[in-house]
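Observations on chain architecture
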Amino acid sequence: MKQFTKSFTQQESIPETGIEAAVEVMRSGRLHRYNTLPDEKSETDLLEIEFAEYQGVPYALACSSGGYALHVAMRAAGVEAGDKVLCNAFTLAPVPGAIHNSGAVPVLIDVAEDYCIDLDDLERKAEASGAKYLMLSHMRGHLADMDRIMAICERYSLFLIEDCAHTMGASWNGKKSGTFGDVACFSTQTYKHINSGEGGFLTTRHPEVMARAIMHSGSYMLFERHFAAPPKEVFEQIRYETPNYSGRMDNLRAAILRPQLADLETQCERWNSRYRILEALFNQSSAINIPARPDAEHFVASSIQFSLPGFTAEEIQEVVKRCGERGVILKWFGDAIPRDYTSRYDSWRYIEDMPQLPKTERILSTLLDMRIPLTFSEEDCALIGEIIVEVVNG
Ligand SMILES: *Cc1c(COP(=O)(O)O)cnc(C)c1O
């Protein structure tokens, strides 16, 4: 019986140029982003400038994590205690957590058959709730129809925060993910598209939102030392009104991220060639359903999702177990017990008036997920695909 032996949590090493830059930062002793020589731009400054350029937006802020960026995005957008925020029921725990952290109340929206947010349910709940904010997770890299999302935002005057934790490098009809909304948040945590252990970005085209985000992030009164930022006049009032929620990026992390950002396009192609191998194998099994991706969606497949329609919970658990025995680690989004990084919406019991979402539960009940670390070769992916198909076909 074929067996896979590599680790699903092993990422590639940091590029040598990043390691050298990190060593240089350590030699200098100037690890704090504002600890610069006269006229020097810190690694964090340079990273922000490069990320803003990469996204094609005027302003970027590097910070301590993706979840932190989401929280600051809510605050900078003016969310107040008790406000309602529309968000995907199918997402990662830091998303409802960030909403809760800002004192707001998540209004959970169903997942659709294509694993994106359910646009009909979004429209219904935008109308019924009167919410003024949408926190949209491009969960596991799946981009919903962005044209329709923007039309809904327009119709209900929704302030759109994009959670791009899985879509750094992705685009819809040639427009980068994260440039549709009012604010976008990214993660540079180890399992995302560039890796600094922990870290994140917030981008926006609104000067006042960025000024508040910079103040929140813990800039003290050093806001003039940001370059992918609005002019200092914008801070005049904001500096007095905006609490410091310390959560800065440091130069060590920035140093290792810069060469990874420069390399991102190549990495995206490597992920996608692996995805296509797995997808082709899965499509050979009639038991496996893997939704076709729309032509408009240019995704970055750092993971793959598929469904086993008609499988019971017990049968799914058996598939996960038998794949695991053969070295292939699958996650099940339908599990009622939160495990590892995965938790179903109804396990976030701090949410007030938790709705029942039978459609979401039905779709998640057969939905499986697998990471595609770039330490796997294309041959590895072929082997993994064969093992999964064998197990599923029983
Ligand atoms: C990872 C992730 C985040 C937050 O990232 P952290 O950097 O771990 O805080 C937010 N949303 C989604 C969908 C994620 O997967």
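How each quantity is defined
- Residues numbered from 1 in each chain as written.
- Predicted model: local features only at pLDDT ≥ 70, side-chain atom pairs only at ≥ 80, totals over all residues.
- Heavy atoms only, no water.
- Buried < 20%, exposed > 50% of the residue type's maximum accessible area, 1.4 Å probe, protein only.
- Helix = DSSP H or I, 4+ residues; strand = E, 2+ residues; numbered from the N terminus.
- Arc of directions from axis to C-beta.
- Phe/Tyr/Trp six-rings, centres within 6.5 Å; stacked < 30°, edge-to-face > 60°.
- Lys NZ or Arg CZ within 6 Å of the ring centre and 35° of its normal.
- Near = heavy atom within 4 Å.
- Polar contact = N/O pair within 3.5 Å; in protein donor to acceptor, adjacent residues only side chain to side chain.
- Areas by Shrake-Rupley, 256 points an atom, 1.4 Å probe, with all protein chains shown as cover.
- Pairing = 2+ DSSP bridges.
- Axes fitted to C-alpha atoms, helices over the stretch in contact; angles between N-to-C directions.
- Contact = heavy atoms within 4.5 Å.
- Domains from an automatic or database assignment.
- Buried area = accessible area lost by both parts, 1.4 Å probe.

Quick notes on helix H4 (residues 94-101)
Regarding H4, the residues found buried are Val95, Pro96, Ala98 and Ile99. The arc enclosing the buried residues of H4, seen along the axis, measures out at 155 degrees, which places them on a common side. Immediately beyond the C-terminal end of H4, within one or two residues, lies Gly103, with a positive phi of roughly 85 degrees.

Quick notes on unusual backbone geometry
Apart from glycine, the bulk of residues carry a negative phi angle, and the bulk of peptide bonds sit in the trans form. Of note, Arg140 is a non-glycine position whose phi angle comes to about 55 degrees, a positive value. Looking at where Arg140 falls in the secondary structure, it is placed in the loop between strand S4 (133-137) and helix H6 (146-155). What makes Arg140 buried here is its relative accessible area of 14%.

Considering the packing of aromatic side chains
All told, the structure shown has 12 aromatic pairs when counted by the stated rule. Taken together, a centroid distance of 5.8 Å and an interplanar angle of 70 degrees make the contact between Phe4 and Phe8 edge-to-face. Accessibility assignment for this pair places Phe4 and Phe8 in one class, buried. Arranged with centres 4.9 Å apart and planes meeting at 80 degrees, the rings of Phe51 and Phe186 form a pair that is edge-to-face. Here the residue Phe51 occupies a position in helix H2 (residues 43-55), and Phe186 occupies one in strand S8 (residues 183-187), the gap between them amounting to 135 residues. An aromatic cluster is built from Phe51, Tyr54, Phe186 and Phe201, whose rings are joined through pairwise contacts. One Lys or Arg, Lys41, reaches over the ring of Phe227 and ends 4.6 Å from the middle of that ring. It is Lys176 that lies over the ring of Tyr54; its NZ or CZ is 4.2 Å from the centre.

Considerations on the site of the ligand
What surrounds the ligand is a group of 16 residues, the closest being Gly67, Asp163, His166, Ser187 and Lys192. Between Gln189 and the ligand, the recorded distance is 2.9 Å, taken from a side-chain N or O atom to an oxygen atom. Starting from 380 Å² of accessible surface for the ligand in isolation, the protein chains cover 93%. Of all elements in the fold, only helix H3 (66-76) and H4 reach the threshold of two or more residues within the shell around the ligand.

Thoughts on the sheet that holds S4
An order of S1-S9-S8-S5-S4-S2-S3 is seen for the seven strands of this open sheet, with the pairing classed as mixed. Both edges of this open sheet fall to strand S1 (59-63) and strand S3 (105-109), since each of them pairs with a single strand only. Averaged over neighbouring strand pairs, the angle between their axes works out to 20 degrees when direction is ignored. Pairing analysis gives five bridges linking S8 to strand S9 (residues 200-204), with the strands arranged antiparallel. Paired with Ser187 across the two strands is Gly200, which belongs to S9. Contacts between H2 and the sheet are confined to S1, S8 and S9, with S1 contributing the most and set at about 130 degrees to the helix.

A word on the domain arrangement of the protein
Assigned domains within the protein: domain 1 (16-260) and domain 2 (264-393). With centres defined by C-alpha atoms, the gap from domain 1 to domain 2 works out at 26 Å. At the interface, 37 residues of domain 1 touch 37 residues of domain 2. Considering only the side of domain 1, the residues that lose the most area to domain 2 are Tyr115, Arg140 and His193, jointly responsible for 21% of the buried surface there.

Some words on the environment of Pro231
Within the secondary structure, Pro231 sits in the loop between helix H7 (207-216) and helix H8 (235-241). Pro231 sits in the partly exposed class, given a relative accessible area of 44%. The sequence separation of Pro231 and Pro207 amounts to 24 residues, and the corresponding C-alpha distance is 8.3 Å.

Quick look at H3
It helps to recall that an α-helix has 3.6 residues per turn; residues three or four apart then point in one direction. For H3, the tally of buried residues reaches nine of 11 residues, placing the bulk of the element in the interior. For H3, the full list of buried residues reads Gly66, Tyr68, Ala69, Leu70, His71, Val72, Ala73, Met74 and Ala76. Two or three places before Gly67, at the opening of H3, Ser65 has a side-chain oxygen 3.4 Å from that residue's backbone nitrogen. A positive backbone phi angle near 95 degrees is found at Gly78, which sits one or two residues after H3.

Here we look at the sheet that holds strand S13 (residues 367-371)
Taking strand neighbours across the sheet as the criterion, the three strands line up as S11-S13-S12 in an open arrangement whose pairing is antiparallel. Every interior strand has two partners, whereas the edge strands, strand S11 (303-307) and strand S12 (331-332), have only one. Note that S11 and S13 share five bridges and pair antiparallel. Across the sheet, residue Phe306 finds its bridge partner in S13, namely Leu368.

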